[in-house]
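So the chains spell out like this:
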Amino acid sequence: MTFASLAFYVFAGATIGAGLGVILARNPVHSVLFLITAFISVAGLFVLMGAEYLAMLLVVVYVGAVAVLFLFVVMMLDVDFEELKKGFADYIPLAVILGVVLIVEIGFTVAAWRFTDSAELARQHPSPTAGQVVTDPTGPNNVESLGLILYTDYIHFFQIAGMILLVAMIGAILLTFRERVGIRKQDVTSQVGRKRAEGVEVVSVPTGKGIQG
Amino acid sequence: MTIWDNITFAFPEIFIAIALMILLLVGVFTSGKYGREIGWASIGVLAVALYPVLFGTAAQTADLFNGAFATDGFAKFSKVVIYTGAAVSILLSGHFMEREKINRFEYPILILLSTLGMSLMVSSTDLISLYMGIELQSLSLYILAAFNRDSLRSTEAGLKYFVLGALSSCLLLYGASLIYGFTGATTFDAIAAAGLTANTTGLILGLVFLISGLAFKVSAAPFHMWTPDVYEGSPTPVTAFFAAAPKFAGMALFARVMVEAFPTIIAQWQPILVIISILSMAIGAFSAITQTNIKRLMAYSSIGHMGYALMGVAAGTAQGVSSVLIYMSIYLIMTLGTFACILAMRRPEGMAENISDLAGLSRTQPALALMFTVFFFSLMGIPPLAGFFAKFYVFMAALDAGLFYLAIAGALASAVSAYYYLAVIIKIWVNEPAPEFDRNVGQSVKGIAALATLLMVIGIFTIVPMLTGYAETAAGALFR
């Protein structure tokens, strides 16, 4: 067994183990921590496949942003998960029946599993240029090949993704932003434009009398 | 094809995108003071975008962006209907939004954004652009449903729509990934080519998920649960918009995916669509009987109508696709007209939404009563109103494709649905009058209701022959 295949089994095992942990952990905070472990293990798998850019992206975006957001939501909203789970056991017979049906169906599909040649080819070379990395070490690297395809062949999708993000932004602002009345705002122009005469009053104080009025 | 060619052919979409961003900036920098003007400007944007669709580069047939986006007769027809539907929805909203004090400038901008999504949907010939078009459209719709954010019902409608919509997007995405896995392609023509040799079991599994996701978007049974609540909770002009253009876009996309990407396995997907169609017609007919709220009634009516339109898709022929386009175009006019009438149901204390509020309308407001009657007869499919021809063409398409039992089920469902439409009409003409409605509902609402009524009555001479000609050309584009 080479080191690469050993690493694969370690990462794959950790991914599955952490995945089970996400749904089995009683404490939701632990679930999120398991989720982070799963993300990092998957990032390791990506590195083994030679997709180091995707691996870093996964760590930065999913662990750095999404998982932390989950953690915030879970910890700050104080949802009573025990309350939510109440009465769940009543549905177990139905769930077992549905689960068995689904497993049988998936089994039938897997039994008849066969791919076309084009699918086989597409899987080996997810993007035309990424395939070259394996055969030609001087070819474009991960980020370059991703950039080449994202901003040329996939420009259409890239632009629509931008519009979708714009919608998300408009929605978030529209549904949550409330103009607050009666708050004092800082106005830099009026602060800078203030004259000495408006702010300072020169009073001549007679000795021994203090300031009057 | 160079990138510049791609840009010229996608000009209507690019124009809408840039124009709406400019309008958004104008709205933000003027602190939303010019909401009404931005509404008018948005209608102008849609009108200008119609020009390249009809006469410009977008009217030609081309495959762009590596087969992700196509301009053809089908897309042209759909875009004309969608832009018109969206513009009419903006017109309908003005007065209502001002009365409810939610006339924010983001409303027309969100309508433009979802119109952009729909425009991309009907032109998409790739699973990725299909998904992204749907998401752009749906995300805007979720926000619109919750637009009246101080109303509990509106926010509930938005949340419900969002959660269920996200679930359906997951189904759709899962189906798309399975299809990609088994065919190695995302463009429709490559999927169709691979469909000849691919493992059909895996492909069908993916297809079933894809159909489920699309059926949710057009609110066909058994994925219709969200419709009544969202229709009832959303502000009425938003409901009018939901019932019109997005339904058309969803159904057009449905037809395009089925006949362009999966023509070789029609024997597998036809029964699925037949079942969805029969279920939708049945649920639409039977559940509507017990409704007391007019918006919920329209929701169930729309579920039923989606069932009829799916008959044409299930036929899977050029005739079927053209009948879907005719059906959805006429349905769009009927539903916008009906909602214009519903918008006229306003009392000083607020909107009247119960069917009982319509009692004796013929004595208090005969014109409105007449318009309601025409629309309901048209929705029922009574000749010589335009709604009859919509149904006539889908039934003919189903019969010619050999789906006799589907046509019989459709006829039975029509008979049942006639019952609840007639119940409302009887209430309007026979019962003792309920308190009168406020007559000040805005000129555009009255104008649209009157125009739609006129189109229903004289449709046999005007829109029906026109639509049949164009729809035939449009459907032919998918079978080249």
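A brief report on the enclosed structure follows.

1. Focus: the nonpolar core
All names here are of chain B.
Here's step 1: Grouped together as the largest cluster of nonpolar side chains are 189 residues, with contacts concentrated most on Leu144, Phe242, Met251, Phe254, Phe262, Phe372 and Phe376.
Here's step 2: Looking at this core element by element, the count peaks at 17 residues for helix H15 (residues 318–343).
Here's step 3: When near neighbours in sequence (up to four residues on either side) are disregarded, Leu144 contacts Tyr107, Leu110, Ile111, Pro235, Val238, Phe241 and Phe242.

2. Considering the interface of chain B and chain A
Here's step 1: On the chain A side, the residues contacting the 41 residues of chain B number 28 residues.
Here's step 2: With both chains or domains summed, chain B and chain A bury close to 2,900 Å², and 74% of this area falls on carbon and sulfur atoms.
Here's step 3: By the criterion of area lost to chain A, the three top residues of chain B are B:Met132, B:Arg149 and B:Phe182, representing 20% of everything that side buries.
Here's step 4: Taken together, chain B and chain A are joined by one salt bridge.
Here's step 5: As a salt-bridge pair, B:Asp150 and A:Arg178 come within 3.2 Å of each other at their nearest N and O atoms.
Here's step 6: At the surface where chain B touches chain A, the tally comes to four residue pairs in polar contact (both at pLDDT 80 or more).
Here's step 7: Those elements that place two or more of their residues in the side of chain B that touches chain A are helix H2 (11–29), helix H5 (106–123), helix H6 (127–145), helix H7 (152–183) and helix H9 (200–217) of chain B.
Here's step 8: With eight residues, H6(B) is the largest single contributor of residues to the side of chain B that touches chain A.
Here's step 9: A breakdown of the residues in the side of chain B that touches chain A according to their chemical character gives 25 nonpolar, ten polar and six charged.

3. Side note on the packing of aromatic side chains
Residues and elements named next belong to chain B.
Here's step 1: Inspection of every chain in the model, using the stated rule, returns 23 aromatic pairs over all chains.
Here's step 2: On the basis of an interplanar angle of 25 degrees and a centroid distance of 6.5 Å, the ring pair of Phe77 and Phe248 is categorised as stacked. Highlighted residues: Phe77 in helix H4 (residues 73–99) and Phe248 in helix H12 (residues 245–261), separated in sequence by 171 residues. No difference in accessibility class separates Phe77 from Phe248, as the two residues are buried.
Here's step 3: Where Tyr161 meets Trp226, the ring centres are 4.6 Å apart and the plane angle is 10 degrees; that geometry is what we call stacked. A residue pair is termed long-range when its members are at least 10 positions apart, and Tyr161 in helix H7 and Trp226 in helix H10 (residues 226–233) qualify at 65 residues. Across this residue pair, the class does not change: Tyr161 and Trp226 are buried.
Here's step 4: Here the aromatic cluster, defined as three or more aromatic residues joined through ring pairs, consists of Tyr142, Tyr161, Phe162, Phe216, Trp226 and Phe242.
Here's step 5: Between Lys391 and the ring centre of Tyr308, over which it is positioned, the NZ or CZ distance is 4.5 Å.

4. Considerations on unusual backbone geometry
Excluding glycine, a negative phi dihedral is what most residues carry, and trans is how most peptide bonds are arranged.
All names here are of chain B.
Here's step 1: Residues Ala221 and Pro222 are joined by a peptide bond in cis, for which omega reads 0 degrees.
Here's step 2: Relative to the assigned elements, Pro222 resides in the loop between H9 and H10.
Here's step 3: You will see that Lys101, though not glycine, has its phi angle at about 60 degrees, which is positive.
Here's step 4: Relative to the assigned elements, Lys101 resides in the loop between H4 and H5.
Here's step 5: For Lys101, a relative accessible area of 71% translates into the label exposed.
Here's step 6: One non-glycine residue with positive phi stands out, namely Ser219, at about 55 degrees.
Here's step 7: Mapped onto the secondary structure, Ser219 falls in the loop between H9 and H10.

5. Topic: the pattern of salt bridges
Where charged atoms of side chains with opposite charge meet at close range, the side chains can pair.
Residues and elements named next belong to chain B.
Here's step 1: Scanning the entire structure with this criterion turns up 18 salt bridges over all chains.
Here's step 2: A salt bridge links Arg347 to Asp357; the nearest nitrogen and oxygen atoms lie 3.1 Å apart. Residue Arg347 is located in strand E3 (residues 346–347), and its partner Asp357 is located in the loop between strand E4 (350–351) and helix H16 (361–364); the two are separated by ten residues in the primary sequence.
Here's step 3: Under the relative-accessibility criterion, Arg347 is labelled buried at 8%.
Here's step 4: Bridged by salt links that share partners, the residues Arg153, Glu156, Lys160, Asp229, Glu232, Lys295, Arg296 and Glu353 form one connected network.

6. Considerations on the packing of H15(B) against helix H17 (residues 366–380) of chain B
To characterise two packed helices, one gives the angle between the axes of the helices and the distance between these axes.
Residues and elements named next belong to chain B.
Here's step 1: Relative orientation of the contacting elements H15 and H17 amounts to 150 degrees, with a least axis distance of 10 Å. The orientation of H15 with respect to H17, classified from their angle, is roughly antiparallel. Seen along the crossing, H15 lies across H17 with a hand that is left-handed. On H17, the residues touching Tyr331, Met334, Gly337, Thr338, Cys341 and Ile342 of H15 are Leu368, Met371, Phe372, Phe375, Phe376, Ser378 and Leu379.
Here's step 2: Of the residues in the contact of H15 with H17, the class split is ten nonpolar, three polar and no charged.

7. Considerations on helix H1 (residues 3–24) of chain A
Residues and elements named next belong to chain A.
Here's step 1: Compared with the 32 Å implied by 1.5 Å per residue over 22 residues, the 31 Å span of H1 between its first and last C-alpha is a close match.
Here's step 2: Turning to H1, its buried residues number three or more, namely Ala7, Ala12, Thr15, Ala18 and Gly21.
Here's step 3: Looking at the buried side of H1, the elements it contacts are helix H2 (28–48).

What counts as what
- Residues numbered from 1 in each chain as written.
- Chains lettered and ligands numbered in written order.
- Predicted model: local features only at pLDDT ≥ 70, side-chain atom pairs only at ≥ 80, totals over all residues.
- Heavy atoms only, no water.
- Core = buried A, V, L, I, M, F, W, Y, C linked by side-chain atoms within 4.5 Å.
- Buried < 20%, exposed > 50% of the residue type's maximum accessible area, 1.4 Å probe, protein only.
- Helix = DSSP H or I, 4+ residues; strand = E, 2+ residues; numbered from the N terminus.
- Contact = heavy atoms within 4.5 Å.
- Buried area = accessible area lost by both parts, 1.4 Å probe.
- Salt bridge = Lys/Arg side-chain N within 4 Å of Asp/Glu carboxyl O.
- Polar contact = N/O pair within 3.5 Å; in protein donor to acceptor, adjacent residues only side chain to side chain.
- Nonpolar A, V, L, I, M, F, W, Y, C, P; charged D, E, K, R; others polar.
- Phe/Tyr/Trp six-rings, centres within 6.5 Å; stacked < 30°, edge-to-face > 60°.
- Lys NZ or Arg CZ within 6 Å of the ring centre and 35° of its normal.
- Axes fitted to C-alpha atoms, helices over the stretch in contact; angles between N-to-C directions.
- Parallel < 35°, antiparallel > 145°, perpendicular 65-115°, else oblique.
- Left-handed = near helix turned anticlockwise from the far one by under 90°.
- Expected span 1.5 Å × (residues − 1).

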